[in-house]
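The residues making up each chain are set out below.
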Amino acid sequence: MARFSSLLASAACVVVPLVALVVPGLTEPTQIATITGTQGLENIAVRSSGELLVTSTTSNLIFMVFPDGGRDPVAVAELDSSFNATLGIAELTRDVFYVIGAQVNGLTMISGSAGIWKVDLRPMTLQGGAVSQPADVSLLTAIPSAQLLNGLCRLAENDTEHILISDSVAGSISRLNVETLEYETVISDETMRVTTSSIAIGIDGIRIFQNTLYFTNINQALFASVPISLVDGTATGPIEVIADLSQGDDFAITPDGQKAIVAQNGLMTLASIDLSSGSVQVIANSTLLSATSSLAFGRRCADSKSIYVSGSASMGDTTVGSVLKLEL
Ligand SMILES: *[C@@H]1O[C@H](CO)[C@@H](O)[C@H](O)[C@H]1NC(C)=O
Ligand SMILES: *[C@@H]1O[C@H](CO)[C@@H](O)[C@H](O)[C@H]1NC(C)=O
Ligand SMILES: *[C@@H]1O[C@H](CO)[C@@H](O)[C@H](O)[C@H]1NC(C)=O
């Protein structure tokens, strides 16, 4: 989700190379929030001021979570009631986020239901733990041709107009210009499609680091990269499968661009993939991680080595959204 964009990162932070910090051994997650209005969380983005924004495939709300605890999560955006799920989310300019909305039933998206929403947090104010002045929330464009929109990231660190969006059933990545609303498929490949009898979600998470786009494919249990044009998002070289993963949902690239930390939804683990060698190491293994779908690095100096993870937790005989924190 390019949360650690150099343009957006706090200029005062001293960037410590993360490679030295990913030491062998396991790190323990702590739960920092639960969100009872959902049955689980889908994606996660971080504001430059540190708060987390989380989406859910069982809610049309987007919640803000305070990473240091002590305050309850608040709903900061509500999509129109014809949407009942929110998925990939990314920021293009400070506090202006773009989010996939859709009608989702379990693991399938109702045909024709997808749209990209704009959530502008700039007008929002909070008072006493509640929203006193709302965010500006609007449907930017419907994407009726989409089959299952899932991951969303910016096209380039220096670009505030284009987002890339993955379609897990079509097996493709499209580019949307958020000003002109021009929408075009830029990469469609066998490595992005559903080709096995496993769960019917192909390409899932997408992230860029410089001019390389990385992606997971849940159905094919792979993690791959492709060099792209920073002008239009098309591939400028071959797709390379970097690692086979027993399970790989969404992920984050470390700020130094050397590793990907992957949420292994269903396995209770997070994996670290060395992007040059392709070696995979389990860095966390906890029942708290049983349904983790995405993760993001903190953007403040104080939490630039922390990973925030979105997932779900059991509560009685149901499940609720859960946000975890791990220190690398
Ligand atoms: C969302 O809408 C779809 C289509 O109407 C429905 O099948 C699904 O159960 C709804 N999801 C929730 C969480 O209510
Ligand atoms: C961003 O930088 C790349 C590489 O220098 C360049 O090709 C591209 O045109 C730039 N994009 C924008 C929107 O400035
Ligand atoms: C995670 O821990 C469980 C329980 O200790 C163990 O059975 C499992 O093999 C571990 N998974 C990995 C990938 O290390």
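This is a predicted model, so every value here is computed, not measured.

(A) Region of interest: the pattern of salt bridges. Evaluation of the coordinates by the stated rule reveals 11 salt bridges. For the salt bridge of Glu 182 with Arg 175, the shortest nitrogen-to-oxygen distance reads 3.6 Å. Between Glu 190 and Arg 193 there is a salt bridge, with the nearest N and O atoms lying 3.6 Å from each other. Through salt bridges with shared partners, one network takes in Arg 47, Glu 51 and Asp 95.

(B) Structural context of the nonpolar core. Within the largest apolar cluster, 24 residues are counted, with the highest numbers of intra-cluster contacts made by Tyr 98, Ile 116, Leu 149, Ile 163 and Ile 165. Going through the elements one at a time, β6 (85-93), β7 (96-102), β14 (149-154) and β15 (162-167) are the ones with two or more residues in this core. Residues contacting Ile 163, with those up to four places away along its chain left out, are Leu 92, Tyr 98, Ile 116, Leu 152, Cys 153, Arg 154, Leu 155, Ser 174, Arg 175, Leu 176 and Val 178. Leu 155, Ile 206, Ile 208 and Ala 224 belong to the second-largest nonpolar core, a separate cluster that totals 17 residues.

(C) Up close: the pairing of β14. Among the 6 residues in β14, 6 count as buried, and that is most of the element. Across 4 bridges, the pairing between β14 and β15 is antiparallel. Note that in β15 the partner of Leu 152 across the bridge is Ile 165.

(D) The sheet that holds strand β26 (residues 294-297), seen in detail. Spatial ordering of the open sheet is given by β1-β28-β27-β26, a layout of 4 strands whose pairing is antiparallel. For this open sheet the edge positions go to β1 (30-35) and β26, each flanked by a neighbour on one side alone. The sheet shows a mean angle of 30° between the axes of neighbouring strands, direction not considered. The sheet contact formed by β26 and strand β27 (residues 306-315) spans 4 bridges and is antiparallel.

(E) Representation of the sheet that holds strand β24 (residues 269-274) in the model. Across the sheet, 4 strands lie side by side as β22-β23-β24-β25; this open sheet has antiparallel pairing. Among the strands making up the open sheet, the edge pair consists of β22 (251-253) and β25 (280-285). Here the average twist between neighbouring strands, direction ignored, is 20°. In this sheet, strand β23 (residues 259-264) lies alongside β22 in antiparallel orientation, the contact comprising 3 bridges. Directly across from Ile 253, in β23, lies its bridge partner Ala 260.

(F) Main features of the environment of Arg 122. Mapped onto the elements of the fold, Arg 122 is located in the loop between β10 (115-120) and β11 (125-127). We classify Arg 122 as exposed; its relative accessible area is 54%. Once the C-alpha coordinates of Arg 122 and Arg 94 are considered, the two residues, 28 residues apart in sequence, prove to be 8.3 Å apart. Setting aside residues up to four positions removed in sequence, Arg 122 forms contacts with Arg 94, Asp 95 and Val 96. Side chain to side chain, Arg 122 and Asp 120 meet in a polar contact 2.8 Å long.

(G) Seen up close, the pairing of strand β17 (residues 183-188). The pairing of strand β16 (residues 172-177) with β17 spans 5 bridges and is antiparallel. Along β17, the bridge assignment pairs Ile 173 with Ile 187. From the end of β16 to the start of β17, which pair antiparallel, there are 5 residues, and Leu 181 there has a positive phi angle of about 70°.

(H) Broad picture of the confidence of the model for the protein. Taken over all residues, the pLDDT of the protein has a mean of 92, while the share at 70 or more is 93%. Contacts of residues 18-23 to residues separated by more than four positions or lying in other chains number 17 contacts, the stretch itself having pLDDT below 50.

(I) Representation of the packing of aromatic side chains. In the structure shown here, the tally under the stated rule is 3 aromatic pairs. Note on Tyr 214 and Phe 223: the rings are 5.9 Å apart at their centroids and 15° apart in plane angle, and the pair reads as stacked. Both residues of the pair, Tyr 214 and Phe 223, belong to the buried class. Measuring from ring centre to ring centre gives 5.1 Å for Phe 223 and Phe 251, while their planes differ by 80°; the resulting arrangement is edge-to-face. In this pair, Phe 223 is assigned in strand β20 (residues 222-227) and Phe 251 in strand β22, connecting sequence segments 28 residues apart. Each residue in the set Tyr 214, Phe 223 and Phe 251 is aromatic and connected to the rest through ring pairs, giving one cluster. Its guanidinium or amino end placed over the ring of Phe 251, Arg 207 lies 5.7 Å from that ring's centre, counting from NZ or CZ.

(J) Representation of the environment of Leu 288 in the model. Within the secondary structure, Leu 288 sits in the loop between β25 and β26. For Leu 288 and Met 268, which are 20 residues apart along the polypeptide, the C-alpha to C-alpha distance reads 7.0 Å. Contact partners of Leu 288, with chain neighbours within four places excluded, come to Pro 29, Ser 312 and Leu 324.

So, how was this worked out
Going along each chain's sequence as written, the residues are numbered from 1 onward. Numbering of ligands from 1 and lettering of chains from A proceed in the order in which they are written. Totals for whole chains, interfaces and linings use every residue, but because this is a predicted model, local features are given only for residues with pLDDT of at least 70 and side-chain atom pairs only at 80 or more, for both listing and counting. Excluding hydrogens and water, the side-chain values take into account all heavy atoms of the structure. Here, a salt bridge means any side-chain nitrogen of Lys or Arg that lies within 4 Å of a carboxyl oxygen of Asp or Glu. Buried Ala, Val, Leu, Ile, Met, Phe, Trp, Tyr and Cys residues form a nonpolar core when they are joined through side-chain atoms within 4.5 Å. Relative accessibility decides the category of a residue: with a 1.4 Å probe and only protein chains considered, values under 20% of the type maximum give buried, values over 50% give exposed, and everything between is partly exposed. Only DSSP runs of H or I with at least four residues qualify as helices, and only runs of E with at least two residues qualify as strands; both kinds are numbered from the N terminus onward. Residues count as neighbours in contact if any of their non-hydrogen atoms are within 4.5 Å of one another. By this definition, two strands are paired if DSSP reports at least two bridges between them. Note on definitions: angles span 0 to 180 degrees between N-to-C directions of axes, and those axes are lines fitted to C-alpha atoms, for helices only across the stretch in contact. As used in this structure description, the phrase polar contact means that two N or O atoms lie within 3.5 Å; if the pair is within protein, one of them must be able to donate a hydrogen and the other to accept it, and residues adjacent in sequence are counted only when both atoms belong to side chains. Confidence of the predictor at the level of single residues is given by pLDDT, which spans 0 to 100. Any Phe, Tyr or Trp ring, taking Trp's six-membered ring, that has another such ring centre within 6.5 Å forms a pair; planes under 30 degrees apart are called stacked, those over 60 apart edge-to-face, and the others tilted. Note on geometry: a ring has a charge over it if NZ (lysine) or CZ (arginine) is within 6 Å of the ring centre and within 35 degrees of the ring normal.

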